[in-house]
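Residue-level structural notes
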Amino acid sequence: MLSVEDWAEIRRLHRAEGMPIKAIVRQLGVGRNTVRRALAADAPPKYQRSARGSIVDDVEPRVRELLAEWPTMPATVIAERIGWDRSLTVLKDRVRELRPQYQPPDPASRTEYRPGELAQCDLWFPPARVPLGAGQVGSPPVLVMVSGYSRIMTARMLPSRQGPDLLAGHWHLLSGWGAVPRALVWDNESAVGSWRAGRPALIEAMSGFRGALGIKVVQCRPGDPEAKGLVERANKYLETSFLPGRGFSSPGDFNGQLGVWLARANQRHHRRLSRPLDRWKADRDAMVALPPLAPARATSGWTTSLRLPRDHYVRLDANDYSVHPSAVGRRVVVSADLEQVTVTLAEGRAAAGEVVRVARHDRCWARHQTITDPVHADAAARLRQARRDQPVAAAHDEVAYRDLGDYDRLFGLVDDIDNDIDAQAV
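This report concerns the structure included in the present document. Because the structure is predicted, anything quoted here is derived from the model rather than measured.

Some words on the overall build of the protein
- Looking only at helices and strands, one finds 15 helices and 18 strands in the protein.
- Of all intrachain contacts in the protein linking residues separated by at least 6 positions in sequence, the fraction that spans at least 24 positions is 61%.
- With an accessible surface of roughly 26000 Å², the protein has 50% of that area assigned to carbon and sulfur atoms.

Here we look at the sheet that holds strand 18 (residues 370–371)
- The three strands lie next to each other as 13-14-18, forming an open sheet whose pairing is mixed. Taken across any chain shown, the strands that pair with only one partner, and hence form the sheet edges, are strand 13 (313–316) and strand 18.
- The pairing of strand 13 with strand 14 (residues 319–322) spans four bridges and is classified as antiparallel. Following the sheet pairing, Tyr313 is matched in strand 14 by Ser322.

Describing the pairing of strand 9 (residues 199–202)
- Of the pairings in the sheet, the one linking strand 8 (residues 193–196) to strand 9 comprises four bridges and is antiparallel in character. Following the sheet pairing, Trp195 is matched in strand 9 by Pro200.

Some points on the packing of helix 7 (residues 163–177) against helix 8 (residues 204–213)
- Helix 8 packs onto helix 7 with a crossing angle of 20 degrees between their chain directions and a minimal axis gap of 11 Å. Considered as vectors, helix 7 and helix 8 are oriented roughly parallel to each other. Crossing angle aside, the handedness with which helix 7 passes helix 8 is right-handed. Contacts between helix 7 and helix 8 involve Leu167, His170, Trp171 and Leu174 on the former and, on the latter, Ala205, Met206, Phe209 and Leu213.
- When grouped by side-chain class, the residues that make up the contact of helix 7 with helix 8 number seven nonpolar, one polar and no charged.

Things to note about helix 13 (residues 374–389)
- When the terminal C-alpha atoms of helix 13 are compared, their 22 Å separation across 16 residues agrees well with the 22 Å that a helix rising 1.5 Å per residue should span.
- Of the residues making up helix 13, those classed as buried are His376, Ala379 and Ala380. Within helix 13, the buried residues cover an arc of 100 degrees as seen down the axis, which keeps them to one side. Opposite the buried face of helix 13, at more than 90 degrees from it, the exposed residues are Pro374, Arg382, Arg388 and Asp389.
- As for helix 13, its buried residues are in contact with strand 14 and strand 17 (357–362).
- The residue sitting at the N-terminus of helix 13 and contributing the capping side-chain oxygen is Asp373; that oxygen lies 3.0 Å from the backbone nitrogen of Val375.

As for a nonpolar patch on the surface
- Taken together, the side chains of Leu404, Tyr407, Leu410 and Phe411 define a hydrophobic patch exposed on the protein surface, amounting to about 510 Å² of accessible area.
- Relative to the helices and strands, Leu404 resides in helix 14 (residues 404–410).

Regarding a positive patch on the surface
- A cluster of like positive charges, contributed by Lys22, Arg26, Arg32 and Arg36, occupies part of the molecular surface.
- Elements supplying a minimum of two residues to the positive patch: helix 2 (21–28) and helix 3 (32–40).
- Structurally, Arg26 can be placed in helix 2.
- Residue classification places Arg26 among the exposed positions, given a relative accessible area of 64%.

Focus on the packing of aromatic side chains
- All chains considered together, the criterion is met by six aromatic pairs.
- Between Trp177 and Trp280, the ring centres sit 5.3 Å apart and the planes meet at 55 degrees, which makes this aromatic pair tilted. In this pair, Trp177 sits in helix 7 while Trp280 sits in helix 11 (residues 276–285), placing the two residues 103 residues apart along the sequence.
- When its relative accessible area of 6% is taken as the criterion, Trp177 is described as buried.

Structural notes on the nonpolar core
- Counting 47 residues, the largest nonpolar core has Val144, Met153, Phe242, Phe254 and Leu258 as the members making the most contacts within it.
- Apart from the residues lying within four places of it in its own chain, the contact partners of Phe254 are Trp124, Pro126, Val130, Val142, Met157, Phe242, Leu243 and Phe248.

As for the sheet that holds strand 5 (residues 153–157)
- If you walk across this open sheet you meet the five strands as 5-4-1-7-10, and the pairing is mixed. Across the chains shown, the open sheet's two edge strands, defined by having one partner strand only, are strand 5 and strand 10 (216–219). Averaged over all adjacent pairs, the angle separating strand axes in this sheet is 25 degrees, with direction ignored.
- With four bridges joining them, strand 7 (residues 183–186) and strand 10 adopt parallel strand pairing. Bridge pairing in strand 10 links Trp186 to Gln219.
- The strands touched by helix 7 are strand 1 (119–124), strand 4 (142–147), strand 5 and strand 7; relative to strand 4, the strand with the most contacts, the crossing angle is about 40 degrees.
- Here helix 10 (residues 251–265) sits on the sheet in contact with strand 1, strand 4 and strand 5, set at roughly 175 degrees to strand 5.

Side note on the packing of helix 9 (residues 229–242) against helix 10
- At their nearest, the axes of helix 9 and helix 10 sit 12 Å apart, and the two run at 105 degrees to each other. Taken as axis vectors, helix 9 and helix 10 run roughly perpendicular relative to one another. Residues Tyr237, Leu238, Ser241 and Phe242 of helix 9 lie in contact with helix 10, whose contacting residues are Phe254, Gln257, Leu258, Trp261 and Ala265.
- Considering only residue class, the contact of helix 9 with helix 10 consists of seven nonpolar, two polar and no charged.

Digging into helix 9
- With 14 residues, helix 9 should reach 20 Å at 1.5 Å per residue; the first-to-last C-alpha distance of 19 Å fits that figure.
- Of all the positions in helix 9, only Gly229, Leu230, Val231, Ala234, Asn235, Leu238 and Phe242 are classed as buried.
- For helix 9, the secondary structure elements touched by its buried residues are strand 1, strand 4, strand 5 and helix 10.

Cut-offs used in this document
- The written sequence of each chain sets the order in which its residues are numbered from 1.
- Reporting in this predicted model follows two pLDDT cut-offs: at least 70 for local features of residues, and 80 or more for side-chain atom pairs to be given and counted; totals over whole chains, interfaces and linings ignore these cut-offs and use all residues.
- Based on all heavy atoms of the structure, the side-chain values leave hydrogens and waters out of the count.
- A helix here means a DSSP run of H or I that spans at least four residues, while a strand means a run of E at least two residues long, and both kinds are numbered starting from the N terminus.
- Should any heavy atoms of two residues lie within 4.5 Å, those residues are counted as being in contact.
- Method for areas: the Shrake-Rupley scheme with a 1.4 Å probe, in which residue coverage is limited to the protein chains shown.
- At least two bridges found by DSSP between two strands is the condition for calling them paired.
- Lines fitted to C-alpha atoms define the axes here, with helix axes fitted over just the stretch in contact, and angles between the N-to-C directions of these axes take values from 0 to 180 degrees.
- Note that the term roughly parallel is reserved for angles under 35 degrees, roughly antiparallel for angles over 145, roughly perpendicular for angles of 65 to 115, and oblique for everything else.
- Each helix crossing is assigned a hand: it is left-handed if the near helix lies turned anticlockwise from the far helix by less than a right angle, otherwise right-handed if that turn is clockwise.
- Side-chain classes follow a simple rule in which Ala, Val, Leu, Ile, Met, Phe, Trp, Tyr, Cys and Pro form the nonpolar group, Asp, Glu, Lys and Arg form the charged group, and the remainder, Gly included, forms the polar group.
- For a helix, the expected span equals 1.5 Å multiplied by the residue count minus one.
- Burial here depends on accessible area, computed with a 1.4 Å probe over protein chains only, as a share of the maximum for the residue type. Under 20% is buried, over 50% is exposed, and the range in between is partly exposed.
- Working note: the arc is built from the helix axis to C-beta atom directions.
- In protein, a polar contact means a hydrogen-donor-capable atom and an acceptor-capable atom, both N or O and within 3.5 Å, with residues adjacent in sequence counting only if both atoms are side-chain atoms; elsewhere, any N or O pair within 3.5 Å suffices.
- Here, patches come from residues exposed beyond 30% relative accessible area and free of salt bridges, joined within 9 Å for like charges and within 5 Å for nonpolar side chains (Val, Leu, Ile, Met, Phe, Trp, Tyr).
- In the sections that follow, a salt bridge refers to a side-chain nitrogen of Lys or Arg positioned within 4 Å of a carboxyl oxygen of Asp or Glu.
- In this tally Asp and Glu are treated as negative and Lys and Arg as positive; neither His nor the chain ends contributes.
- Taken as the charge centre is NZ of Lys, CZ of Arg, CG of Asp or CD of Glu, depending on the residue.
- Two rings from Phe, Tyr or Trp (for Trp, the six-membered ring) form a pair when their centres are within 6.5 Å of each other. A pair whose planes differ by under 30 degrees is stacked, one over 60 is edge-to-face, and the rest are tilted.
- Nonpolar cores are built from buried Ala, Val, Leu, Ile, Met, Phe, Trp, Tyr and Cys residues. Side-chain atoms within 4.5 Å join them into one set.

Following this line, the structure appears as structure tokens:
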């Protein structure tokens, strides 16, 4: 067989040097027909071994029959049905080639987004160990949002994936944008909603939140990851470009580094688009304006009311926070956002109508912790000591004593006693 080097030299001698075929034959010592074939071939010669049959060829008709009736039948089940006792790998390869012929095509469409139309949302769980305090480490969820038109990306780590923290995270990120897309696209996150009887259903808190913003929330169908491919790719980009080589001392440090990185990432050039920052103005101008007042569920995601017990602690997200003991026995309102936990008196000051705050703590990201304000502990100790030192009032009521003779007369013993006295006198 003619080598690639000889093929190239034959073509050079004939095309560049103008050498005739006879001269090429004499110089290279090859046959005349070999030279003619080299000049006629536009591609270099390539050795191809004659195709050999596969051990799967004999059972392919039976495999096709099964796929025609059950296109989704697994290759392992096909092997069992046809009695296959050879290598399972070659059978799987053949089934993989044949299956698309018996399944309806399901192409993914490339979607074009209008300015301000929507933003895709998702929770990303970074494979990093972040110190949470109290000797605990973990990987809290990160709320990621990507605008469809501009591809601007924003994100923030949250204390938990529960509904109150998720709504507070939404408000924090949207406030950073200064506007709200007309729709938020979510998968079936439990704190957002789920599909019931073939229809999407938002939870009550998310319905109230979207109503306050005046937008809609689109829930993707189960098993349809392409529906929010933008944010899925953003999660992958965060994992491959943001995390490597970084260490974190706290969730606050994580969010700080993430904010700096996002500012640079939003200036990168996309394969199909220009820089996200260049398209951001048109995108934001077409969005819905933020409401004049923040939704109550977003500014204080956690809100509950209770009567403060004697131990003057309240529980929120598996942690106990101290409250000033002066509020013991009174009804208080516990509210928390992503940063702080606040406790106020439910009734406030009757005269002025002010909100009386009886506790404020930084939000604890660790779990099963007791957070005590030293001021609350000192006040409780003083109140307990004052109660112990309170003097006990002396009893001034006189107790009347009954004459024992009254009991003798009551039981008819007076005559017997008098007889005994007379007998002793005699």
